[in-house]
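Analysis of the macromolecular model
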Amino acid sequence: MGSSNIRDVLTSFSPSLDLFAITLGDGRIKIWDTGKGQLQTEFADISSTETTSIFGNREGHLSMDYTCMKWLSLERKKKRKLGSSLLVLGTGGGDVLALDVSAGQLKWRVNNCHPGGVTAVSFSVHGSHIYTAGADGMVCEIDSMSGNVLNKLTASSRVISSLAVSPDGKMIATAAGQVKIFNSSNQKKLQKFSGHPGAVRCMVFSEDGRYVLSSSLVERYVAVWKIDGSKKKSSSVFLAMDHPAVFLDSRCTSSGDADAGLSVLAISEIGICYFWHGKTIDELRNSKPTKISVPCDGGVLKKHKGAVPNVFAAKLQNISEPACGHMYLAFGLLIKPTFEKVLVHSGTDIELNFSEDGILRPISQSHIYERASETRSKVTALDRTNTEGALLPVPKIFDPVDNKSGTKPSGGTDEGELDSVTLCMEDQLRSLGILGSNDLSTTLDSEILDGIKLDSSMPHKKVKATVSSMEPNDAFNLLKGLVDVWESRSQSAKHVLPWICCILVYHSDYVKSQEPKLLDSLYKVAKSKVPAMNSLFQLSGRLQLVSAQIDKATNNRRQVLERDVQEDESEDEDVDEVLYGVDEDSPTE
């Protein structure tokens, strides 16, 4: 992603906000668990024919040209049942698809529903019927459960660029040059509005159905149109933005009141979220937007190859008090989004905290009073596309002795302590003599050390204190020695890198002035080790398996030998008893 523009990104929250769907134009639909921040599954390989199950097929994927996507909520009485929500998508080929995410299935598909491509999909709150619009100027009404086309409406002779359905399902709004309002039951045109010079990208009804909001591709504002059946064609309110909008949402502070307040949410194509609120339509017209953004610096852009963290999805939940609303946001990077509920006060801009933490992480940092078998599985791992910048854990091998048999691991006194039942593969190889000592002082030249005590187990604070107190020339010589040690693989990176890091932090200017090529060498060494990480983890896993099998076989053999010895001793005792018994039972003369 070399750009901050999100206009080609399709996103949608599930009705309960527990799942989040996103597709980046590559034919893959990723489903994220918003509570855990984990990638739950991925939909791909959706062929032109119906498929019963599309989980786990990773041999490739058909690059579907998805053009629109929305998550449909079915009847409330079926909310807890399988298939209570559907992810509805439209394609550039004119097909409409419905995915049952909970079952991992393509529920139904309408082929060639709109020749020339599907441009928009929408539905009411109840979700019994789905409405789609396309390049053919038609609006199709589809049954949400069966996928049968129930009705068709010729709304325009031009391409319909956007579509919206009122919350009660009684009105349909289409945008094709003009914004037109239709009665959904008898298809009668109720009202039309003019004023958008370009194609309308997004459109939504207000919660009470009194207004329709829209924004076009070339306009830097949101237009609010009042639906009253009059012949007025101009907009009631224009809400200014710095860039065109890609998403709209709205909420009313109360329903049934003629002066009900209106809150508006919009996301611009560069990923900035806007929020307006007004108790009346005049107050909304004069209100200033509240901006929610994600700050970033040059380091983030360089690390993620130009990808800019921003806000790319939002859902306005409720208005708790005047000029104050709750919204649920998806922000950060598109390949690993962050989800957060935010309380927004009108007039107070918000900068969201963007975390660059790795995604291979323990769920709980505290292992006390936990069984070792439980802590083994507590790692959250996402798919390969999300592993960039992840903090990879040190490979561990667990003691192969079966704890269920009652035997405790050797050297372990408390099963609540994780270190007593785990062995690092590197330490095990060192104990067998395959690797050398982990003492840095014995590896480096004594002239380089010059009285400095290097201890690989030294706390990080002491390492910082030691490096900060060193002379720049001594620190530079030590850095060269540590780079050579790391490059020759005579020491582990976890023992060398803390010292290298501290030297670069406290003596970077001196290092640059003395030998800039040293930093290039350090960079090449670090870069050369990155491609080997996956292979090393695979090798580590295989070594763990082999070691566990060897130890298990040795343990079983030892138990068999002990059992044989016990049986031999018992047989000897039985023979002796028989012999002595004969002598005792023999008649005495």
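You'll find the structure just up there.
Scope of this entry: the structure provided in the associated data block. Note that this is a predicted model, so its numbers are computed, not measured.

Examining the environment of Ala 176
Locating Ala 176 in the fold gives a position in strand β14 (residues 171–176). Here the alpha-carbon distance between Ala 176 and Ala 135, two residues 41 residues apart in the chain, equals 9.8 Å. Excluding residues that lie within four positions of it along the chain, Ala 176 makes contacts with Ser 156, Arg 158, Val 159 and Ile 160.

Observations concerning a nonpolar patch on the surface
Taken together, the side chains of Leu 536, Leu 539 and Leu 543 define a hydrophobic patch exposed on the protein surface, amounting to about 250 Å² of accessible area. Mapped onto the secondary structure, Leu 536 falls in helix α12 (residues 533–585). For Leu 536, a relative accessible area of 48% gives the class partly exposed.

As for the sheet that holds strand β18 (residues 211–216)
With antiparallel pairing, the four strands of this open sheet are ordered in space as β17-β18-β19-β20. Because the sheet does not close on itself, it has two edges, and the strands there are β17 (200–205) and β20 (237–240). Within this sheet the neighbouring strands show an average axis-to-axis angle of 20°, counted without direction. With five bridges connecting them, β17 and β18 associate as antiparallel partners. In the strand pairing of β18, Phe 205 is matched with Val 212.

Quick notes on the packing of aromatic side chains
This structure, assessed with the given rule, holds eight aromatic pairs. Between Phe 193 and Trp 225 the ring centres are 5.1 Å apart and the planes differ by 35°, which places this aromatic pair in the tilted class. Taken as a pair, Phe 193 in strand β16 (residues 189–193) and Trp 225 in strand β19 (residues 221–226) lie far apart in primary sequence, 32 residues in all. With relative accessibility at 2%, the residue Phe 193 sits in the buried group. Overall, the relative accessible area of 1% leaves Trp 225 in the buried class. Aromatic pair Phe 476 and Tyr 510: ring centres 6.2 Å apart, planes at 80°, arrangement edge-to-face. Residue Phe 476 is located in helix α8 (residues 472–488), and its partner Tyr 510 is located in helix α10 (residues 508–514); the two are separated by 34 residues in the primary sequence. Exposure remark for Phe 476: the relative accessible area of 5% places this residue in the buried category. One aromatic cluster in this structure is built from Phe 13, Phe 20, Phe 312, Tyr 328 and Phe 339.

Concerning the pattern of salt bridges
Close approach of charged atoms lets side chains of opposite charge pair. Taken as a whole and judged by the stated rule, the model has eight salt bridges. For Glu 269, the salt bridge goes to Arg 201, with nearest N and O atoms at 3.4 Å. Of this pair, Glu 269 sits in the loop between β22 (262–268) and β23 (273–278) while Arg 201 sits in strand β17; the two residues are 68 residues apart in sequence, bridging distant segments of the chain. A relative accessible area of 21% places Arg 201 in the partly exposed class. Each of Asp 26, Arg 28 and Glu 42 takes part in a single network of salt bridges with overlapping partners.

Thoughts on the pairing of strand β27 (residues 336–345)
One face of the sheet, then the other: side chains in a regular strand alternate in exactly this way. Across ten bridges, strand β26 (residues 324–333) lies against β27 in antiparallel orientation. Bridge pairing links Ala 330 to Phe 339 in β27.

Considering the pairing of β23
Burial analysis of β23 places six of its six residues in the buried class, the great majority of the element. The sheet contact formed by β22 and β23 spans six bridges and is antiparallel. Note that in β23 the partner of Val 264 across the bridge is Trp 276. Hairpin connection between β22 and β23: a loop of four residues separates the two successive antiparallel strands, and Gly 271 in this loop has a positive phi of roughly 85°. For β23 and strand β24 (residues 290–293), the ladder comprises three bridges, and the chain directions are antiparallel. Considered in β24, the bridge of Cys 273 is made with Ile 292.

Cut-offs and rules
Residues numbered from 1 in each chain as written. Predicted model: local features only at pLDDT ≥ 70, side-chain atom pairs only at ≥ 80, totals over all residues. Heavy atoms only, no water. Helix = DSSP H or I, 4+ residues; strand = E, 2+ residues; numbered from the N terminus. Contact = heavy atoms within 4.5 Å. Patch = residues over 30% accessible without salt bridge, like charges linked within 9 Å, V, L, I, M, F, W, Y side chains within 5 Å. Areas by Shrake-Rupley, 256 points an atom, 1.4 Å probe, with all protein chains shown as cover. Salt bridge = Lys/Arg side-chain N within 4 Å of Asp/Glu carboxyl O. Buried < 20%, exposed > 50% of the residue type's maximum accessible area, 1.4 Å probe, protein only. Pairing = 2+ DSSP bridges. Axes fitted to C-alpha atoms, helices over the stretch in contact; angles between N-to-C directions. Phe/Tyr/Trp six-rings, centres within 6.5 Å; stacked < 30°, edge-to-face > 60°.

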